[in-house]
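# A structural walkthrough
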Amino acid sequence: MKYIESKEKYPFGVRNLLDDAMSQTTLRHTGQEVSLHVDLELTILEKAAVIRDKYNPRMTDWYMHKENTSFAWIADQACKLAEEISMKLCKTKFECHESWGVHYKETNNASPHSHWLYQYAFGYYVKVPEYAPIVFPTANCEYNPKPSDLIVFPGHITHEVKPVDGE
């Protein structure tokens, strides 16, 4: 098999949604009304499965946007940002196919992987230690998110999460 090396630029979008995510509310299964941001954190903590080992983080199921208002809102925001950053290439309407929550603690990481077949992937950061970058090793890029940052990037780009201090 032969390979070619590419030095291309790809669209990458970042938007902080703290004001919007805190100003909109949802009614939780407990009857409590909370902001979308708080609901995301509580839902991830409630629905994340048992830790498989000390390296892998706890995760929810793969289709949270179909069962949770807050996840659906984030997925919609990610699709809108993908449409904005794609506007120069073509006018496209995106929809979310998978959306899950991840709860990282110390020693947890995500090995290098991609989400190819999907044009874009995204991450929304509910809670972040001071230094917990998402690393794109093949694109020579690293981004250290802040709480409520939404990051949209091409699905075929390899990315990883190094072990963090905190959760």
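Now for a look at the structure at hand. Computed from a predicted model, the values in this text were never measured in an experiment.

## Some points on the environment of A21
- Within the secondary structure, A21 is located in helix α1 (residues 18–23).
- Separated by 50 residues in sequence, A21 and F71 have C-alpha atoms that sit 11 Å apart.
- When near neighbours in sequence (up to four residues on either side) are disregarded, A21 contacts S35, L36, H37, W73 and Y124.

## What to know about the sheet that holds strand β10 (residues 149–154)
- With antiparallel pairing, three strands are arranged side by side in an open sheet as β1-β10-β7. Two strands lie at the open edges of the sheet, namely β1 (13–16) and β7 (120–124), each paired on one side alone. For this sheet, the mean inter-axis angle between neighbouring strands, taken without regard to orientation, is 15°.
- Bridging between β7 and β10 involves five bridges; their strand directions are antiparallel. The partner of Y120 across the bridge, within β10, is P154.
- Most of the contacts of helix α3 (residues 69–86) go to β10, to which it runs at about 50°, and overall it touches β1, β7 and β10.

## Here we look at the sheet that holds strand β11 (residues 159–161)
- The sheet built from four strands is open, its strands ordered β6-β11-β8-β9 with antiparallel pairing. The strands lining the two open edges of the sheet, one partner per strand, are β6 (110–113) and β9 (141–143). Looking at each pair of strands side by side, their axes are set apart by 15° on average, direction ignored.
- The pairing of strand β8 (residues 134–136) with β11 spans two bridges and is antiparallel.

## Some remarks on the packing of aromatic side chains
- This model, assessed by the stated rule, comprises five aromatic pairs.
- Geometrically, the ring pair formed by F12 and F136 is edge-to-face, given 5.6 Å between the ring centres and 90° between the ring planes. Here F12, found in the segment before β1, pairs with F136, found in strand β8; they are 124 residues apart in sequence, far enough to count as distant.
- Exposure remark for F12: the relative accessible area of 31% places this residue in the partly exposed category.
- For F136, a relative accessible area of 2% translates into the label buried.
- Ring-pair connections join several aromatic residues into one group, and the members of that group are F12, F136, Y143 and F153.

Here is what the cut-offs are and how they apply
- Residues numbered from 1 in each chain as written.
- Predicted model: local features only at pLDDT ≥ 70, side-chain atom pairs only at ≥ 80, totals over all residues.
- Heavy atoms only, no water.
- Helix = DSSP H or I, 4+ residues; strand = E, 2+ residues; numbered from the N terminus.
- Contact = heavy atoms within 4.5 Å.
- Pairing = 2+ DSSP bridges.
- Axes fitted to C-alpha atoms, helices over the stretch in contact; angles between N-to-C directions.
- Phe/Tyr/Trp six-rings, centres within 6.5 Å; stacked < 30°, edge-to-face > 60°.
- Buried < 20%, exposed > 50% of the residue type's maximum accessible area, 1.4 Å probe, protein only.

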